Number of protein chains: 2
Amino acid sequence: MAEKLRKYKHDLDHSYALGAALTYELLRKAPQTARRVYLHTAAERTEGLLRLLALCEKAGVPVETGDKAFHILSPKGNCFVIGEFAKEEKRLLPGSHIVLVNPSDAGNLGTILRTAVGFGFLDLAVVRPAVDFYDPRVIRASMGAAFHVRAEYFDSIEDYLSRFPENRRYAFMLQSSVPLGTVRFEAPFSLLFGNEATGLPDRFASFCETVVIPHSRDIDSLNLPIAASIAMYAARALAP
Amino acid sequence: MAEKLRKYKHDLDHSYALGAALTYELLRKAPQTARRVYLHTAAERTEGLLRLLALCEKAGVPVETGDKAFHILSPKGNCFVIGEFAKEEKRLLPGSHIVLVNPSDAGNLGTILRTAVGFGFLDLAVVRPAVDFYDPRVIRASMGAAFHVRAEYFDSIEDYLSRFPENRRYAFMLQSSVPLGTVRFEAPFSLLFGNEATGLPDRFASFCETVVIPHSRDIDSLNLPIAASIAMYAARALAP
């Protein structure tokens, strides 16, 4: 190994796709970022694995066989292939965006990415403080969708707004009196969602149209990936 | 303690609400099932806790202070209140239902319960083999919604259908060519969803109308709670 293998941390310049299916997505969708593939000595030589190894060869990605990487990166032991890939700085393209303000949970972010890609939203703005997009738990929960999107971090919502002033802004918040079913989404638009526990601050109503997904009083709120997914479905089904 | 405290298992006649917020929901929504409340010696006497203890007194639920229960039931140690409650056999009422066929993940089932209650679906059929509704991880992921619903297990889909032959049946499956946006839901109806990994078997098309939530080919599928939530939102928004 050229450099010492380390458990993922935010300040590394690379991250890891844990598992064969995820590594396969990495090699298909972002082969230019793949640095190497670790192969466990106990990995079964399935057809899927042979296809994966063929992709490595095609992309010139070195394959290292051995178990040490797995002890360090996946101590639970149900993982036999790991893809190491370089983080890339990406910039949002103009168009419709998903904007997550202070998301804190890795699994939630990954699930939102998966749905976003499913509904054709490929640009994701994340306002800090927020969970790390490249956390391997995000990559895994996204089921590989993370390799499809352009995710860009902003220090404040104002930074985001000043870059994309032309977008219509729809802020999903419980404080709104406008039910989702009545909204006509006009592209390009931004769908904004707040933190899991606290939602969007009231002040967002001063620069966004607000929207609520009506639900019964028997629950406090929908969970964040559920609310975001319903919103993305509705916006995509209605928008051109 | 009258009986020996045991870690949750499927064959116990009771289960546990882990945490103060969840125990509060238990005492509010299903006090008749609450058997006792365990209070950690380090629990802070917040206003919320005092309200919870007042509910215990009102419902005649004994409170035991001590730490042993927490070592056994919540070894991770971030939980200071546990509510023990009796499992109740429940039967579905006639009306619209959510039908989960072979769900396998506790967190997913809990998340679906939360959304179902949010959209007014209070009757849930579960076809075995399936995750245990009373698993404390289900109760926790439901954020207390589990205490609102009638959940009933069936050994086969035929058992369910023979009890509710009058319901319109909408089976959500990738093999369908009918997009969700074109469906007119007619109540009473049943929304059917398959296992996380395998979905619904093809044969369901012979006794259900099939529906698909259109998504791009860049993902294999939406995850189960996301698909179920979008379907419940759409059905509820369209049905009377």
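As the structure is a computational prediction, the values presented were derived from the model and not from experiment. (Residues numbered from 1 in each chain as written. Chains lettered and ligands numbered in written order. Predicted model: local features only at pLDDT ≥ 70, side-chain atom pairs only at ≥ 80, totals over all residues. Heavy atoms only, no water.)

A. Broad picture of the packing of helix α1 (residues 20-29) of chain A against helix α2 (residues 47-59) of chain A. Residue and element names in this part refer to chain A. Their axes nearest at 10 Å, the elements α1 and α2 cross at an angle of 35°. Read as a crossing pair, α1 and α2 show a hand that is left-handed. Contact with α1, carried on its side by Ala20, Thr23, Tyr24, Leu27 and Arg28, involves Arg51, Leu52, Leu55 and Cys56 of α2 and no other residues of that element. Considering only residue class, the contact of α1 with α2 consists of six nonpolar, one polar and two charged. (Axes fitted to C-alpha atoms, helices over the stretch in contact; angles between N-to-C directions. Helix = DSSP H or I, 4+ residues; strand = E, 2+ residues; numbered from the N terminus. Left-handed = near helix turned anticlockwise from the far one by under 90°. Contact = heavy atoms within 4.5 Å. Nonpolar A, V, L, I, M, F, W, Y, C, P; charged D, E, K, R; others polar.)

B. Structural detail: the nonpolar core. Core analysis: the largest hydrophobic core is formed by 144 residues, its most contacted members being A:Phe172, A:Leu191, B:Phe172 and B:Leu191. With sequence-adjacent residues up to four places away left out, A:Leu191 is seen in contact with A:His97, A:Ile98, A:Val99, A:Phe121, A:Tyr170, A:Phe172, A:Phe185, A:Ala231, A:Met232 and A:Ala235. (Core = buried A, V, L, I, M, F, W, Y, C linked by side-chain atoms within 4.5 Å. Buried < 20%, exposed > 50% of the residue type's maximum accessible area, 1.4 Å probe, protein only.)

C. Region of the structure containing empty space enclosed by the protein. Residues and elements named next belong to chain A. For the structure shown, the criterion picks out three cavities of 30 Å³ or more. Computed from the structure, the largest cavity encloses a volume of approximately 80 Å³. Forming the walls of the largest cavity are Ala30, Thr33, Phe85, Ala86, Lys87, Glu88, Lys90, Phe133, Tyr134, Ile139, Ala146 and Phe147. Residues belonging to the lining of the largest cavity are distributed by class as follows: eight nonpolar, one polar and three charged. Taken together, domain 1 (14-86) and domain 2 (97-238) each give at least three residues to the lining of the largest cavity, which thus spans both. (1 Å grid on protein atoms, 1.4 Å probe; cavity = no way out; pocket = protein on both sides within 12 Å on 5 of 7 lines; lining within 4 Å. Points joined across faces, edges and corners; volume = space filled by probe spheres on them. Domains from an automatic or database assignment.)

D. Quick peek at the relation of the copies chain A and chain B. Placing chain A over chain B gives an RMSD of 0.0 Å and needs a rotation angle of 180°, together with 0.0 Å of translation along the axis. On this basis, the relationship between the two copies can be described by a two-fold rotation axis. When the interface residues of chain A are mapped onto chain B, 100% of them again fall at the interface, so both copies present the same face. (Least-squares fit on C-alpha atoms with pLDDT ≥ 70 in both.)

E. How the structure looks around a positive patch on the surface. Residues and elements named next belong to chain A. Together, Lys4, Arg6, Lys9 and Lys68 make up a positively charged patch on the protein surface. Within the element layout of this structure, lysine 9 appears in the segment before β1 (14-18). Take lysine 9: its relative accessible area is 54%, and that puts it in the exposed class. (Patch = residues over 30% accessible without salt bridge, like charges linked within 9 Å, V, L, I, M, F, W, Y side chains within 5 Å. Areas by Shrake-Rupley, 256 points an atom, 1.4 Å probe, with all protein chains shown as cover. Salt bridge = Lys/Arg side-chain N within 4 Å of Asp/Glu carboxyl O. Lys, Arg positive; Asp, Glu negative; His and termini not counted. Charge placed at Lys NZ, Arg CZ, Asp CG, Glu CD.)

F. The sheet that holds strand β3 (residues 63-65) of chain B, seen in detail. All names here are of chain B. Read across the open sheet, the four strands follow the order β1-β4-β2-β3; overall the sheet is mixed. Whereas interior strands pair on both sides, the edge strands pair on one side only; in this sheet they are β1 (14-18) and β3. Each adjacent strand pair in this sheet contributes to an overall mean axis angle of 20°, direction not counted. Bridge count for strand β2 (residues 34-39) against strand β4 (residues 81-86) is five bridges, and the pairing is antiparallel. Across the sheet, residue valine 37 finds its bridge partner in β4, namely glycine 83. Seen against the sheet, helix α1 (residues 20-29) touches β1, β2 and β4 and runs at an angle of roughly 35° to β4. Against the sheet, helix α2 (residues 47-59) touches β2, β3 and β4, its axis set at about 145° to β2. (Pairing = 2+ DSSP bridges.)

G. How the structure looks around helix α4 (residues 106-118) of chain A. All names here are of chain A. With 13 residues, α4 should cover 18 Å at 1.5 Å per step; its first-to-last C-alpha distance of 19 Å lies within 8% of that length. Summarising burial for α4: twelve of the 13 residues are buried, a large majority. Considered for burial, the residues of α4 that qualify are Ala106, Asn108, Leu109, Gly110, Thr111, Ile112, Leu113, Arg114, Thr115, Ala116, Val117 and Gly118. Regarding α4, its N-cap is aspartate 105, as a side-chain oxygen of that residue lies 3.0 Å from the backbone nitrogen of glycine 107 further along. Backbone geometry just downstream of α4 places glycine 120 in the positive-phi region, at approximately 80°. (Expected span 1.5 Å × (residues − 1). Polar contact = N/O pair within 3.5 Å; in protein donor to acceptor, adjacent residues only side chain to side chain.)

H. How the structure looks around the domain arrangement of chain A. Residue and element names in this part refer to chain A. Annotation of chain A at the domain level lists domain 1 (14-86) and domain 2 (97-238). For domain 1 and domain 2, the distance between their C-alpha centroids amounts to 31 Å. Contacts between the two partners involve ten residues from domain 1 and, on the opposite side, eight residues from domain 2. Carbon and sulfur atoms make up 76% of the surface buried where domain 1 meets domain 2, a total of about 840 Å² over both sides. Viewed at the interface, domain 2 and domain 1 are joined by zero salt bridges. Elements with a contribution of two residues or more to the side of domain 1 that touches domain 2: β1 and α1. For the side of domain 1 that touches domain 2, the per-class residue count stands at seven nonpolar, one polar and two charged. (Buried area = accessible area lost by both parts, 1.4 Å probe.)

I. Representation of the side chain of B:His14. Residues and elements named next belong to chain B. Here histidine 14 lies in strand β1. Here aspartate 13 takes part through its side chain, which lies 2.7 Å from a polar atom of the side chain of histidine 14. In this structure histidine 14 touches Tyr8, Arg35, Glu84, Phe85, Ala86 and Lys87, once residues within four positions along its chain are discounted.

J. Region of the structure containing the packing of aromatic side chains. For the coordinates displayed, the defined rule picks out 24 aromatic pairs over all chains. Geometrically, the ring pair formed by B:Phe172 and B:Phe193 is stacked, given 5.0 Å between the ring centres and 20° between the ring planes. With B:Phe172 in strand β8 (residues 168-172) and B:Phe193 in strand β9 (residues 189-193), the pair connects residues that are 21 residues apart, well separated along the chain. The same class applies to B:Phe172 as to B:Phe193, namely buried. Plain terms: the ring middles of B:Phe185 and B:Phe189 are 5.6 Å apart, the flat faces sit at 50° to each other, and that makes the pair tilted. Of the two residues, B:Phe185 and B:Phe189, both sit in the buried class. Through a chain of ring-to-ring contacts, three or more aromatic side chains come together here, namely A:Phe85, A:Phe133, A:Tyr134 and A:Phe147. Seen from the ring of A:Phe121, A:Arg236 lies directly overhead, with NZ or CZ sitting 4.5 Å from the centre. (Phe/Tyr/Trp six-rings, centres within 6.5 Å; stacked < 30°, edge-to-face > 60°. Lys NZ or Arg CZ within 6 Å of the ring centre and 35° of its normal.)

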